[in-house]
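Structure at a glance
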Amino acid sequence: MVPAQDVLTVRRLRLGTGVVGIALPIVLTLGNALFAGRLTLLESISGAYHTAMRDVFVGSMCAIGVFLVCYRYRPLDDVLSSVGGALAVTVALFPTAAGARDDAVGATDVLVGRVHQVCAAALFLLLAGFCLFLFTRTDPAVVPVTPEKLVRNRVYRICGVIIVAAVALAPASTLLPDGMREAVKPIFWCETVAVLAFGVAWLVKGEAIIRDGSGTGAGPA
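What counts and what doesn't
- Sequence order as written defines residue numbering, which begins from 1 separately in each chain.
- Selection of residues for local features in this predicted model requires a pLDDT of at least 70, selection of side-chain atom pairs for listing and counting requires 80 or more, and totals for whole chains, interfaces and linings are taken over all residues.
- With hydrogens and water stripped out, all remaining heavy atoms of the structure feed into the side-chain values.
- Helix and strand definitions follow DSSP, with helices as H or I runs of at least four residues and strands as E runs of at least two, each counted in order from the N terminus.
- Here, two residues are considered to be in contact whenever any of their heavy atoms come within 4.5 Å of each other.
- Residue-level accessible areas treat just the shown protein chains as cover; the underlying method is Shrake-Rupley with a 1.4 Å probe.
- Here a helix's expected span is defined as the number of its residues, less one, multiplied by 1.5 Å.
- Exposure categories follow from relative accessible area, calculated using a 1.4 Å probe and restricted to protein chains: below 20% of the type maximum is buried, above 50% is exposed, and the middle band is partly exposed.
- For helices, the axis comes from a line fit to the C-alpha atoms of the stretch in contact; other axes are also lines fit to C-alpha atoms, and the angle between any two N-to-C directions lies between 0 and 180 degrees.
- Oblique is the label for any angle not covered by the other classes, which are roughly parallel (under 35 degrees), roughly antiparallel (over 145) and roughly perpendicular (65 to 115).
- By definition, any crossing whose near helix is turned counterclockwise from its far helix by less than a right angle is left-handed, and any crossing with a clockwise turn is right-handed.
- Gly falls in the polar group here, along with every residue not listed as nonpolar (Ala, Val, Leu, Ile, Met, Phe, Trp, Tyr, Cys, Pro) or charged (Asp, Glu, Lys, Arg).
- Candidate patch residues must exceed 30% relative accessible area and have no salt bridge, after which like charges are joined if within 9 Å and Val, Leu, Ile, Met, Phe, Trp or Tyr side chains if within 5 Å.
- What counts as a salt bridge is simple: a side-chain nitrogen of Lys or Arg found within 4 Å of a carboxyl oxygen of Asp or Glu.
- Definition of nonpolar core: a set of buried residues of the types Ala, Val, Leu, Ile, Met, Phe, Trp, Tyr and Cys, connected through side-chain atoms within 4.5 Å.
- The aromatic pairing rule takes the rings of Phe, Tyr and Trp, using the six-membered ring of Trp, and pairs them if the centres are within 6.5 Å, calling planes under 30 degrees apart stacked, those over 60 edge-to-face and the rest tilted.
- Criterion for a charge above a ring: Lys NZ or Arg CZ within 6 Å of the ring centre, and within 35 degrees of the ring normal.

Turning next to the overall build of the protein chain. A count of helices and strands for the protein chain gives seven helices and zero strands. Secondary structure of the protein chain in N-to-C order comes out as α-α-α-α-α-α-α. Taking all contacts inside the protein chain whose residues are at least 6 apart in sequence as the whole, residues at least 24 apart take part in 71%. Surface accessibility of the protein chain: about 10900 Å² in total, with carbon and sulfur atoms responsible for 69%.

As structure tokens, then:
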């Protein structure tokens, strides 16, 4: 368990991770609209790298990475969160290829884009694992199982399932006709839904919502 003096730090790291996750698609969309002079959806959240919002995207992903690397709770959480942090930074530094459907894109850009896609998918699946398996752990000998804890577990599981479904639907959306993909931007929506679900789960874990009535102890189990 986390030492008592570190409880506040752990809680703030959870909150920071959740806040940045929820804000990311909203800030990128509105910021891009401000610079472009019109509201238009990005091809994907990662596609913000090739817009005026590049620094915001890279900074946000690096912030999430740092939060995850610094996160300490139980040994398994420590290892997986550090892996997740490394993946988040890699996603930021290895951008998705611009104009991947254009024959003019170089082989190096395509390779970097592939690294980005693999790391992004691995990051989402790892975060889904946090929701489905780590956040839902219940040990009555350590933390009492309160009614709020049971509600939180349901929220975690729902968020985890949403993330997995969004990751699965993203590549499947490439089967849609080009015109429909251009109009609907399915990759953007899949990523947005996954990021929002991830953010909600970490806000719950950080005690921002569905908090135990006592508000004591080492935070939500």
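Further remarks concern helix H7 (residues 186-205). Taking 1.5 Å per residue, 20 residues should reach 28 Å; H7 reaches 29 Å between its end C-alpha atoms and fits that length. The buried fraction of H7 amounts to 15 of the 20 residues, a majority that puts the element mostly inside the structure. With its phi angle positive at about 70 degrees, Glu207 sits one or two positions after the end of H7.

This part takes up the packing of helix H3 (residues 75-93) against helix H4 (residues 107-134). Here H3 crosses H4 at 150 degrees, and the two axes come no closer than 9 Å. Considering the angle they form, H3 stands roughly antiparallel to H4. In the crossing of H3 with H4, the sense of the turn from one axis to the other is left-handed. Contacts from Leu76, Asp77, Leu80, Ser81, Val83, Gly84, Leu87, Ala88, Thr90 and Val91 in H3 reach Val115, His116, Cys119, Ala120, Ala122, Leu123, Leu126, Phe130 and Leu134 in H4. The residue makeup of the contact of H3 with H4, split by class, is 14 nonpolar, four polar and one charged.

Taken together, the side chains of Ile26, Val27, Leu30, Leu39 and Val56 present a nonpolar region at the surface, about 450 Å² in accessible area. Per-element tally for the nonpolar patch: the top contributor is helix H1 (residues 7-36), with three residues. Tracing the chain through its elements places Leu39 in the loop between H1 and helix H2 (54-70). Taking the relative accessible area as the measure of exposure, Leu39 reaches 65% and is therefore exposed.

By size, the foremost hydrophobic cluster in this structure holds 45 residues, and its most contacted members are Leu28, Phe57, Met61, Tyr71, Ile163 and Trp202. Elements supplying a minimum of two residues to this core: H1, H2, H3, H4, helix H5 (147-172) and H7. Not counting chain neighbours up to four residues away, the residues in contact with Phe57 comprise Leu28, Ile45, Ser46, Ala48, Tyr49, Val91, Ala92 and His116.

With that settled, consider the packing of aromatic side chains. Within a pair of aromatic rings, the relevant descriptors are the distance that separates the centres and the angle that separates the planes. Within the structure shown, the criterion is met by seven aromatic pairs. On the basis of an interplanar angle of 70 degrees and a centroid distance of 5.3 Å, the ring pair of Tyr71 and Trp202 is categorised as edge-to-face. One end of the pair, Tyr71, is in the loop between H2 and H3; the other, Trp202, is in helix H7, with 131 residues separating them in the sequence. In this pair, the class of Tyr71 matches that of Trp202, namely buried. Ring geometry for Phe135 and Trp202: centres 5.1 Å apart, planes at 75 degrees, overall edge-to-face. One end of the pair, Phe135, is in the loop between H4 and H5; the other, Trp202, is in helix H7, with 67 residues separating them in the sequence. Pairwise contacts between aromatic rings join Tyr71, Phe130, Phe135, Tyr156, Phe198 and Trp202 into one cluster. Positioned over the ring face of Tyr73 is Arg14, at 4.7 Å from the centre of the ring.

Before going further, it helps to examine the pattern of salt bridges. The final tally for this structure, using the stated rule, is seven salt bridges. Between Glu207 and Arg11 there is a salt bridge whose closest N-O contact spans 2.5 Å. Of this pair, Glu207 sits in the segment after H7 while Arg11 sits in helix H1, and the two are 196 residues apart along the sequence. As far as burial versus exposure is concerned, Glu207 and Arg11 are alike and both buried. The network of salt bridges with common partners includes Arg11, Glu207 and Arg211.

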